[in-house]
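Structural features, examined
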Amino acid sequence: MCEFCTQHGEGQKWYLTMDNYSNDLLEQDGRIAYAADFLNTFHRRTPASLRKLDRVRSTPLMPALRPIMTANQKRNHYGQVVPIEEVEQIFKMVEGVVRLPCVCRRVTTGNFNARYCYGLTLDHRLYDELDDSFSLELLSSTEALESIRKLDKEGLVHSVWTFKSPYIGGLCNCDQDCMAYRITHARKDYPVMFRGEWLARVDWEQCNGCKNCMRQCQYGAIRYSSNHKKVLVDATACYGCGVCRAACQRDAITLYERSEDPVAAEIW
Ligand code: SF4
Ligand code: SF4
Ligand code: SF4
């Protein structure tokens, strides 16, 4: 399990621990003001932060800065990939779900109304602080899950996000326009999220080598063997999101616990 499970999960997965979604936690440590400011100002702050990062990322300073930046993220706003089954479990633990526009896509695409973010509290003190561009939609858990199942089929990766860890306030659905994807995975600047607790594997008895799953995987973790005319998952590259399963018409892909894999167990 990842270090957040040890620190915040009481021996189980930290994002399946109900306390980490509680209103008591939200009310502590200025979290409401922090979350509101984070969301309201993200599109204004991020371009300047990226310019700063660009200036240092290929300098000798970067190796020293990387752990500091990650520690800062872990304190304030950190994520972890979760498969659809765990999205379902999470929705059973929260009091309600609010859909709101994605702040990353505001920066990366200029679209201010890409509605891929789901807030996991109904606290009006937080939502009252958001500016008018955040038109909120209140959804039942069933409606929210239904909409996320559609996003899963499209290959969008689900992840939970803290606002002053360990409080979990958001569930995101992301592609390569996600700032977390870019900073952690594409640019490899520094980690701002954990990989999932899972890994995918392919049953070669079922696989016909159609490659649909390869097109669905955002992390390039599925390889084609022309020798065997089958695909296989590189466990060291897999994020455990599970969305490749939705692309497979032969049910050839399943998830298993990352901890069971001797090579990838400690790759987060
Ligand atoms: S993490 Fe994903 S859904 Fe959340 S704000 Fe970023 S791109 Fe949008
Ligand atoms: S989608 Fe399924 S059948 Fe097609 S290559 Fe992937 S695992 Fe094999
Ligand atoms: S191979 Fe791994 S990273 Fe790629 S879609 Fe499947 S679970 Fe996600």
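To be clear, the structure that these remarks concern was listed above.
First things first, this report covers the structure right here in the doc. Small disclaimer: the values here were computed from a predicted structure and weren't measured.

**Quick look at the layout of surface pockets**
In this structure, the largest pocket occupies an estimated 940 Å³ of space. Those elements giving two or more residues to the lining of the largest pocket turn out to be helix H3 (31–56), helix H4 (62–76), helix H6 (103–108), strand S3 (117–119), helix H7 (124–128), strand S6 (168–174) and helix H9 (179–186). Among the elements that make up the lining of the largest pocket, the one with the highest residue count is H3 (11 residues). Among the residues forming the lining of the largest pocket, the class breakdown is 30 nonpolar, 11 polar and 3 charged. Put simply, the second largest pocket is a space of about 200 Å³. Lining the second largest pocket are 13 residues, with Thr184, Lys188, Pro191, Arg195 and Tyr239 positioned closest to its centre. Secondary structure elements with two or more residues in the lining of the second largest pocket: H9 and strand S7 (193–194). Of the residues that constitute the lining of the second largest pocket, the class distribution is 7 nonpolar, 2 polar and 4 charged.

**A closer look at unusual backbone geometry**
For the bond from serine 165 to proline 166, the omega torsion is 10°, close enough to zero to count as cis. Tracing the chain through its elements places proline 166 in the loop between strand S5 (157–162) and S6. Positive phi values are uncommon outside glycine, yet lysine 229 reaches one of about 60°. Relative to the helices and strands, lysine 229 is located in the loop between strand S9 (222–225) and strand S10 (230–233). Residues other than glycine seldom take positive phi values, yet aspartate 251 does so here, at roughly 50°. Locating aspartate 251 in the fold gives a position in the loop between helix H11 (244–247) and strand S11 (253–257). Aspartate 251 gets classed as exposed once you look at its relative accessible area, which sits at 64%.

**Quick look at the site of ligand 2**
Taken together, Val202, Cys207, Asn208, Gly209, Cys210, Lys211, Asn212, Cys213, Val231, Cys248, Ala252 and Ile253 are the residues near ligand 2. By residue class, the composition of the shell around ligand 2 is 8 nonpolar, 3 polar and 1 charged.

**Re the side chain of threonine 184**
Here threonine 184 is to be found in helix H9. For threonine 184, a relative accessible area of 15% corresponds to the buried category. Within the local environment of threonine 184, its side chain forms a polar contact with the backbone nitrogen of valine 192, the two atoms lying 2.9 Å apart. The residues touching threonine 184, leaving out its near neighbours within four places in the chain, are Tyr190, Pro191, Val192, Met193 and Tyr239.

**Topic: the packing of helix H5 (residues 84–93) against helix H8 (residues 141–154)**
Where H5 contacts H8, the axes come no closer than 10 Å and their chain directions differ by 165°. Taken together, the axes of H5 and H8 are roughly antiparallel relative to one another. Remark: the crossing between H5 and H8 carries right-handed chirality. On H8, the residues touching Ile84, Val87, Glu88 and Phe91 of H5 are Ser141, Ala144, Leu145, Ile148, Arg149 and Asp152. Here the residues of the contact of H5 with H8 are counted per class, giving 6 nonpolar, 1 polar and 3 charged.

The rules behind these values
- Residues numbered from 1 in each chain as written.
- Chains lettered and ligands numbered in written order.
- Predicted model: local features only at pLDDT ≥ 70, side-chain atom pairs only at ≥ 80, totals over all residues.
- Heavy atoms only, no water.
- 1 Å grid on protein atoms, 1.4 Å probe; cavity = no way out; pocket = protein on both sides within 12 Å on 5 of 7 lines; lining within 4 Å.
- Points joined across faces, edges and corners; volume = space filled by probe spheres on them.
- Helix = DSSP H or I, 4+ residues; strand = E, 2+ residues; numbered from the N terminus.
- Nonpolar A, V, L, I, M, F, W, Y, C, P; charged D, E, K, R; others polar.
- Buried < 20%, exposed > 50% of the residue type's maximum accessible area, 1.4 Å probe, protein only.
- Near = heavy atom within 4 Å.
- Polar contact = N/O pair within 3.5 Å; in protein donor to acceptor, adjacent residues only side chain to side chain.
- Contact = heavy atoms within 4.5 Å.
- Axes fitted to C-alpha atoms, helices over the stretch in contact; angles between N-to-C directions.
- Parallel < 35°, antiparallel > 145°, perpendicular 65-115°, else oblique.
- Left-handed = near helix turned anticlockwise from the far one by under 90°.

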